[in-house]
Amino acid sequence: MSEQFARTYQETSGAVLDELQRTLQSIDPASLERLCREILSADQVFFVGVGRVLLSLQSVCKRLAHLGIKTHYVGEITEPAITKNDLLIVGSGSGASLFPLGIAKKARTTVDCKIVHIGSNPNSEMKDICDFMVRIPVRTKFYLEDEIDSCQPMTSLFEQTLLLVGDILAKMIIKEQKLDMKSLWQYHANLE
């Protein structure tokens, strides 16, 4: 490996970690506490997003399932019906992505379940649909004035933060619920 590549890697990884640290510290802890309460009180938790956001949400969905929480993502082949006792978590940085926005509207008008928007844009159409928002105030395609800028392409910082927030919340749920980490393996896939 060249010395230049090693130096560039160290600089780039440091910049990414710095962005993630600043972003995680900028999220309102009260909104995360409320999200935790909603997750734990829901019969089932559904996730909806598109693209890389969906991939991050699927990871969060899987991790919460490892805690014994009934989770699903919209569109999975075994997705059950959502009810008023469930929670829909909508991941969309801009709050304007057509599919998540449409699903949120349908959930509101069809079953009126709890809806949480995890995103960056607090002024999107989503604000009139969801019960509350967990704001990850990072760069969106709208370049809002108070967004945390990123050296990474497009919305990478949002997607990375979304994944980390899910893992952090899972760890906090484990602590709050006094779950035995070793016993969580009972929920892990075993056909591997």
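Here the structure is shown first, and the text comes after it.
Residues numbered from 1 in each chain as written. Predicted model: local features only at pLDDT ≥ 70, side-chain atom pairs only at ≥ 80, totals over all residues. Heavy atoms only, no water.

S.K.: Kindly report on the pattern of salt bridges, identifying the contributing residues and their values.
M.R.: Evaluated as defined, the whole model comprises 11 salt bridges. The salt bridge involving E3 is made with R7; its shortest N-O contact spans 3.3 Å. Highlighted residues: E3 and R7, both in helix 1 (residues 3–26), separated by four residues, approximately one helical turn. Of the residues examined, E3 reaches a relative accessible area of 63% and is grouped as exposed. (Salt bridge = Lys/Arg side-chain N within 4 Å of Asp/Glu carboxyl O. Helix = DSSP H or I, 4+ residues; strand = E, 2+ residues; numbered from the N terminus. Buried < 20%, exposed > 50% of the residue type's maximum accessible area, 1.4 Å probe, protein only.)

S.K.: How would you sum up the sheet that holds strand 4 (residues 114–119)? Please name residues and give values.
M.R.: On the basis of which strands lie adjacent, the open sheet formed by five strands has the order 2-1-3-4-5 and parallel pairing. Looking along the sheet, the strands with just one partner apiece sit at the ends: strand 2 (71–73) and strand 5 (132–135). Here the strands of the sheet are splayed against their neighbours by 20° on average, with no regard to which way each runs. The sheet contacts of helix 3 (residues 51–65) involve strand 1 (45–48), strand 2 and strand 3 (87–91), and relative to strand 2 the element is tilted by about 165°. Across the sheet, helix 4 (residues 98–110) lies against strand 1, strand 3 and strand 4, angled at about 160° from strand 3, the strand it touches most. (Pairing = 2+ DSSP bridges. Axes fitted to C-alpha atoms, helices over the stretch in contact; angles between N-to-C directions. Contact = heavy atoms within 4.5 Å.)

S.K.: With reference to specific residues and values, describe the pairing of strand 1.
M.R.: Across a regular strand the side chains alternate sides, sitting on one face of the sheet and then on the other. What you see with strand 1 is no split at all: V45 and F47 on one side and F46 and V48 on the other are buried throughout. With three bridges connecting them, strand 1 and strand 2 associate as parallel partners. Each residue of the ladder has a partner; that of V45, found in strand 2, is T71. Taken together, the four bridges between strand 1 and strand 3 define a ladder with parallel strand orientation. Within strand 3, the residue paired with V45 across the bridge is L87.

S.K.: Tell me what's going on with helix 1, and back it up with residues and numbers.
M.R.: Since there are 3.6 residues in each turn of an α-helix, residues three or four apart along the chain are aligned in direction. If you check helix 1, its first and last C-alpha atoms are 35 Å apart, about what 24 residues at 1.5 Å a residue would give, namely 34 Å. Those residues of helix 1 that sit buried are V16, E19, L20 and T23. Structurally, helix 1 contributes buried residues whose contacts are with helix 5 (156–176). (Expected span 1.5 Å × (residues − 1).)

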